[in-house]
Amino acid sequence: MIRISLRAAAVTVTTAATAAATVLSLAGTAGASPGKAARPMPRGQAALTANPLYKTGEFDFPECSELSRRPDDLDTYRVYLDHLLDCLNKSWTEEFRQAGLRFSPPKVRYITKSVPTGCGKYPAGYAAGMYCPKNDTMWILLYKSQLSDPTEFNLFTVIAHEYGHYAQDRAGILPEVYRRYRTVSKKRAYDLTRRVELQAECFSGAFIGSVWHSLGREEFDFEEQLDWITGDAAHGKARSIRYWLKRGWYGNGPKACDTFAAPARTTA
Ligand SMILES: [Zn+2]
């Protein structure tokens, strides 16, 4: 999840109670990557700290120029975001192919107000985007004030972050975390949630960093994203979020993003 006007994010499940319900919906798997037989989705500790995604290379497709948008024109925003999703689909499909894991693109819904998502009602006052593992769907809120500035960059980062959660789901990371939610203490659940969120942030940074030179943006746009960051208990401290966003950005691939083996000082 990404909170409005902030750079942070949260998966839809942070408590043991709701996790139990969620995990039941994770049985389905996406279609196999073309070419070779997919390996089974990793489980247990290996899913978190020895995931095949960490062995893949840099993102391979450096071009993702942003399409133009018109102020307050929802359709142009949809086209802009669909194009971005094409880039994410291409880049992540290749990473999953390298990992030998099954993958197919996520479902995406653009919404302009709070609606039922399959993971509860969309928290419109709080989140700019969320991923619901129950229906493999990214829910993206296009709120009015955001549509007024067609040069804004935040939406790009929201989509890249939510896509990061989808990748975690397909790679067995979210399912493993949800299994653990059922048995761990509240404190440990928060720790897991932060590592999930910081990893999605790192995945987001890795993708954006990989296409950055094709965007024609100034360094300022990245600096501004860093400046907006504030932390909370579910997402980590601002310095942790900045650390993982930058680590992904300059690491340029999922391999930079093993938050689950990272020391506590970077995931506080
Ligand atoms: Zn998130």
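Cut-offs applied
- Residues numbered from 1 in each chain as written.
- Predicted model: local features only at pLDDT ≥ 70, side-chain atom pairs only at ≥ 80, totals over all residues.
- Heavy atoms only, no water.
- Buried < 20%, exposed > 50% of the residue type's maximum accessible area, 1.4 Å probe, protein only.
- Helix = DSSP H or I, 4+ residues; strand = E, 2+ residues; numbered from the N terminus.
- Pairing = 2+ DSSP bridges.
- Core = buried A, V, L, I, M, F, W, Y, C linked by side-chain atoms within 4.5 Å.
- Contact = heavy atoms within 4.5 Å.
- Patch = residues over 30% accessible without salt bridge, like charges linked within 9 Å, V, L, I, M, F, W, Y side chains within 5 Å.
- Areas by Shrake-Rupley, 256 points an atom, 1.4 Å probe, with all protein chains shown as cover.
- Salt bridge = Lys/Arg side-chain N within 4 Å of Asp/Glu carboxyl O.
- Lys, Arg positive; Asp, Glu negative; His and termini not counted.
- Charge placed at Lys NZ, Arg CZ, Asp CG, Glu CD.
- Disulfide = S-S within 2.5 Å.

Peer 1: Please explain the pairing of strand 3 (residues 127-132) as it appears in this structure.
Peer 2: The side chains of a regular strand alternate, first on one face of the sheet and then on the other. With six of its six residues buried, strand 3 lies for the most part within the structure. Bridge analysis of strand 3 against strand 4 (residues 137-141) gives four bridges, and the strand direction is antiparallel. From the neighbouring strand, M130 faces strand 4, where its bridge partner is W139. Following strand 3, the chain reverses through four residues before pairing antiparallel with strand 4; D136 in that reversal takes a positive phi of roughly 50°.

Peer 1: Can you help me understand the nonpolar core in this one?
Peer 2: Soluble, globular proteins show a tendency: their nonpolar side chains are buried together. Core analysis: the largest hydrophobic core is formed by 63 residues, its most contacted members being W92, F156 and F207. Listed by contribution, the elements that provide at least two residues to this core are helix 3 (74-99), strand 3, strand 4, helix 5 (154-170), helix 6 (173-181), helix 7 (186-215), helix 8 (219-228) and helix 9 (238-251). The dominant element in this core, judged by the number of residues it contributes, is helix 7, at 12 residues. If near-sequence neighbours (up to four positions away) are discounted, F156 is found in contact with E66, Y80, L84, F207, I208, V211 and L215.

Peer 1: Looking at this structure, I do not really get a negative patch on the surface. What am I missing?
Peer 2: Together, E218, E219, E223 and D227 make up a region of like negative charge exposed at the surface. Relative to the helices and strands, D227 is located in helix 8.

Peer 1: I'm lost on the state of the cysteines in this one. Help?
Peer 2: Simply put, disulfide is the name for a covalent bond between the sulfur atoms of two cysteines. Counted by the stated rule, this structure contains three disulfides. Sulfur-sulfur distance for the disulfide between C64 and C87 comes to 2.1 Å. The chirality of the disulfide connecting C64 with C87 is right-handed, given an S-S dihedral of about 100°. Taken together, the residues C64 in the loop between helix 2 (44-49) and helix 3 and C87 in helix 3 connect sequence positions 23 residues apart. Of the two residues, C64 and C87, neither departs from the other in class, the shared state being buried. One disulfide in the model links C202 with C257; its S-S distance is 2.1 Å. On the S-S bond that ties C202 to C257, the torsion sits near -75°, and the link is left-handed.

Peer 1: What am I meant to see in helix 6 here?
Peer 2: Note on helix geometry: an α-helix contains 3.6 residues per turn, so any two residues three or four positions apart are oriented the same way. Judged by how many residues are buried, helix 6 sits mostly within the fold: eight of nine residues are covered. Taken together, the buried positions of helix 6 are occupied by I173, L174, P175, E176, V177, Y178, R180 and Y181.

Peer 1: What is the right way to read the pattern of salt bridges from this model?
Peer 2: Summed over the entire model, instances satisfying the criterion amount to 12 salt bridges. In this structure, D73 engages R70 in a salt bridge whose closest nitrogen and oxygen atoms are separated by 2.8 Å. Residue classification places R70 among the exposed residues on the basis of a relative accessible area of 52%. R194 is paired through a salt bridge with D191; the nearest N and O atoms lie 3.6 Å apart. Of this pair, R194 and D191 both sit in helix 7, three residues apart, which is roughly one turn of that helix.

Everything listed here is a matter of coordinates, which is why it stays silent on function.
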